[in-house]
Amino acid sequence: SDDRRMLPKFEKWLEKSQGNSTTGGDHSPFYAQFYNFNQHYPYLKDPKRKESFSHRVYDSLATTDEFLQRLFEILEKAGRLENTIIVGSGDHGEDPFKDTYVRLSALNSNVLHAAHYVYYPRHLMPDPSIAERLRINTQKMTHTLDMYPTIQSILHGEPYDYLQHADQDCITGIDLTSVVIPDDRVVISWNLVSSQIVKKLPAEFWALSTRDSEGKDWSLYHRLSRNRHPGLKQGKNNFYMLEYGDCTHDINPKNLCMMNMKERHRELF
């Protein structure tokens, strides 16, 4: 299937239920949700595309760009764009450039990077400073869990106190519209679902991520598994320091944005 095939149906639904700017239709609030899979393994390759990419993941990225562009065009045509909030988030990252399927058996900086975005028209913001905070937080250490309290805040028009709503010992996100994330924030990521999928080879993958005093992002990552991961040079039960930034995707171990804990901090061992 192709995510882009959802858009004509969405456009017809929007016209039928809401009308558009030319017909003077009823612009009552609406909710629409899309589940996009073009970017999921094995990555959609558009057979009609004349342009050739070095990897099919770039083909799938191109179709995702086209999906988003067309979505905005439909909303603009209907006269709804400037009165609509759009939120998108991935549930995980991926590393398609290795010979093995990385996400189900290991973590690295590409897998831990999950993309998310918010389109929030300024005139809908109850406080103009929200725009500045959102912009600043695009350069901070965010987490997928931040999306829930952020959406709650946008919907209700007031800051969402995540601590007030959190159960004891519950890991929560923060409202990105009301808080500027501190530079020393630490977030946790875990691969629970993938660990359960591989029942014959039970494994545990988790990572603590933060930013150092020089502005460099790092993750302390632990891999507990019965098998080694040769594609990433990862062992059965080791700690690693994952480095983020200018990563290349060849098979040279020095360019994997990853360092063994012992190699990175020899003074500790």
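Below: a short report on this structure. Quick caveat, the model's predicted, so the values are computed rather than measured.

### Some words on the packing of aromatic side chains
Then step 1. For the structure on display, the rule yields nine aromatic pairs.
Then step 2. An aromatic cluster is defined as three or more aromatic residues linked by ring pairs; in this entry it consists of F10, W13, F30, F34 and F67.

### Re the nonpolar core
Then step 1. Counting 13 residues, the largest nonpolar core has L107, L112 and Y221 as the members making the most contacts within it.
Then step 2. Those elements giving two or more residues to this core turn out to be α3 (109-112), β4 (204-211) and β6 (237-243).
Then step 3. If we ignore the near neighbours within four places in the chain, the residues touching Y221 are A106, L107, F205, W206, A207, Q234, N238, F239, Y240 and L242.

### A few points about helix α5 (residues 147-156)
Then step 1. Regarding α5, the residues found buried are M147, P149, T150, Q152, S153 and I154.
Then step 2. Lining the buried residues of α5 we find β1 (86-89) and β2 (116-119).
Then step 3. After α5 finishes, the residue G157 shows a positive phi value of roughly 75°.

### Section: the pairing of β4
Then step 1. The alternating pattern of β4 places F205, A207, S209 and R211 on a buried face, while none of E204, W206, L208 and T210, on the opposite face, is buried.
Then step 2. As paired strands, strand β3 (residues 187-190) and β4 are joined by four bridges and run antiparallel to one another. What sits directly across from I188, in β4, is L208.
Then step 3. Bridge count for β4 against strand β5 (residues 217-224) is eight bridges, and the pairing is antiparallel. When the sheet's bridge partners are listed, S209 is paired in β5 with S219.
Then step 4. Where β4 folds back on β5, the antiparallel hairpin that results is connected by five residues, among which G215 adopts a positive phi of roughly 85°.

Criteria and thresholds
- Residues numbered from 1 in each chain as written.
- Predicted model: local features only at pLDDT ≥ 70, side-chain atom pairs only at ≥ 80, totals over all residues.
- Heavy atoms only, no water.
- Phe/Tyr/Trp six-rings, centres within 6.5 Å; stacked < 30°, edge-to-face > 60°.
- Core = buried A, V, L, I, M, F, W, Y, C linked by side-chain atoms within 4.5 Å.
- Buried < 20%, exposed > 50% of the residue type's maximum accessible area, 1.4 Å probe, protein only.
- Helix = DSSP H or I, 4+ residues; strand = E, 2+ residues; numbered from the N terminus.
- Contact = heavy atoms within 4.5 Å.
- Pairing = 2+ DSSP bridges.

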